[in-house]
Amino acid sequence: MARKNTLRYILLGLLSKKQMTGYELNQSFKNEIGEFWQAKHSQIYPELAKMEEQGIIQHQVEITGEKLEKKVYELTEEGKEQLAEWIHTPTNELPVNRDEFVLKLYFVKDVNDPALVEIIQQQRDLHEEKRLHLLERKKTIFPTEKDKHENYGHYLILAHAINRETEYASWLTDVLEEENNRKK
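The following refers to the structure shown.

What counts as what
Residues numbered from 1 in each chain as written. Predicted model: local features only at pLDDT ≥ 70, side-chain atom pairs only at ≥ 80, totals over all residues. Heavy atoms only, no water. Helix = DSSP H or I, 4+ residues; strand = E, 2+ residues; numbered from the N terminus. Buried < 20%, exposed > 50% of the residue type's maximum accessible area, 1.4 Å probe, protein only. Polar contact = N/O pair within 3.5 Å; in protein donor to acceptor, adjacent residues only side chain to side chain. Contact = heavy atoms within 4.5 Å. Pairing = 2+ DSSP bridges. Axes fitted to C-alpha atoms, helices over the stretch in contact; angles between N-to-C directions. Patch = residues over 30% accessible without salt bridge, like charges linked within 9 Å, V, L, I, M, F, W, Y side chains within 5 Å. Areas by Shrake-Rupley, 256 points an atom, 1.4 Å probe, with all protein chains shown as cover. Salt bridge = Lys/Arg side-chain N within 4 Å of Asp/Glu carboxyl O. Lys, Arg positive; Asp, Glu negative; His and termini not counted. Charge placed at Lys NZ, Arg CZ, Asp CG, Glu CD. Phe/Tyr/Trp six-rings, centres within 6.5 Å; stacked < 30°, edge-to-face > 60°.

On to the side chain of His127. Among the secondary structure elements, His127 is positioned in helix H6 (residues 115-141). Given the relative accessible area of 12%, His127 is considered buried. Looking at His127, its side chain comes within polar contact range of the side chain of Glu165, at 2.4 Å. Once you skip the residues sitting within four places of it in the chain, His127 turns out to touch Glu165, Tyr168, Ala169 and Leu172.

Okay, structure coming up:
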């Protein structure tokens, strides 16, 4: 089966919320979208050009200041249709989990490896820090039930990310306790 171009649909989804410049789209990957999907500047701009060539987005040039031109992108009707079709098409596969820390654990052979507790503690701290960050984002983005209902999909993704980080930090805390008990 041909691999679908998910970046295209992310860009369509972002543009369905509001008109944006390439810079603003790129920034979205450093903020909210970056919590669960990554894309680089070098991927975004060529994809925008392809999408415009295919007629699913269009741009208008806006002048900022005296001379600075910027392209502001928006969906066309065809783009809206493609986004709706993608959203309503079932996802029949699980995502690939690429966790370098878990990969490193897989290759640790000795229960007494001196680095084991240190790398586990470091990961636990990272996941706990991320969990706290996400909880703050939830308070900021969804302070009211109305905010939650108006962007419910985003709310669900954030709740999922909080659960994921909570579970990961809890698992690592349990592993550290097990290590401490084993050494006693």
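Let us keep going from here.
Strand order across the open sheet formed by three strands is E1-E3-E2, with antiparallel pairing between neighbours. Strands with a single pairing partner mark the edges of an open sheet, and in this sheet they are strand E1 (20-21) and strand E2 (57-64). Pairing between E1 and strand E3 (residues 68-75): two bridges, direction antiparallel. Bridged to Met20 within E3 is Tyr73. Strands E1, E2 and E3 of the sheet are contacted by helix H1 (residues 6-17), whose axis makes an angle of about 100° with E3.

Right, let's get into the environment of Glu74. Here Glu74 shows up in strand E3. Note on Glu74: relative accessible area 16%, which makes it buried. Once the C-alpha coordinates of Glu74 and Gln60 are considered, the two residues, 14 residues apart in sequence, prove to be 8.4 Å apart. Polar contacts involving the side chain of Glu74 include one to the side chain of Gln19, which spans 2.5 Å.

Right, let's talk about a negative patch on the surface for a bit. A grouping of Glu167, Asp174, Glu177 and Glu178 is seen on the molecular surface, where their side chains present a negatively charged patch. Inspection of the secondary structure puts Asp174 in helix H8 (residues 152-183).

With respect to the secondary-structure elements, Glu179 resides in helix H8. The exposure class of Glu179 is buried, given its relative accessible area of 7%.

On to the packing of aromatic side chains. All told, the structure shown has five aromatic pairs when counted by the stated rule. Both rings, one in Tyr106 and one in Phe107, keep their centres 5.1 Å apart while their planes meet at 85°; by these two values the pair is edge-to-face. Exposure remark for Tyr106: the relative accessible area of 66% places this residue in the exposed category. Seen from their ring centres, Tyr168 and Trp171 are 5.6 Å apart, and the 70° between their planes marks the pair as edge-to-face. Placement of both Tyr168 and Trp171 in helix H8 is noted, with a separation of three residues, approximately one turn of the helix. Here Tyr168 falls in the buried class, since its relative accessible area comes to 14%. Among the residues examined, Trp171 registers a relative accessible area of 36% and is labelled partly exposed. The structure contains a cluster of three or more aromatic residues connected by ring pairs, namely Phe142, Tyr152 and Tyr155.

Such coordinate-based values are descriptive only and should not be taken to indicate function.
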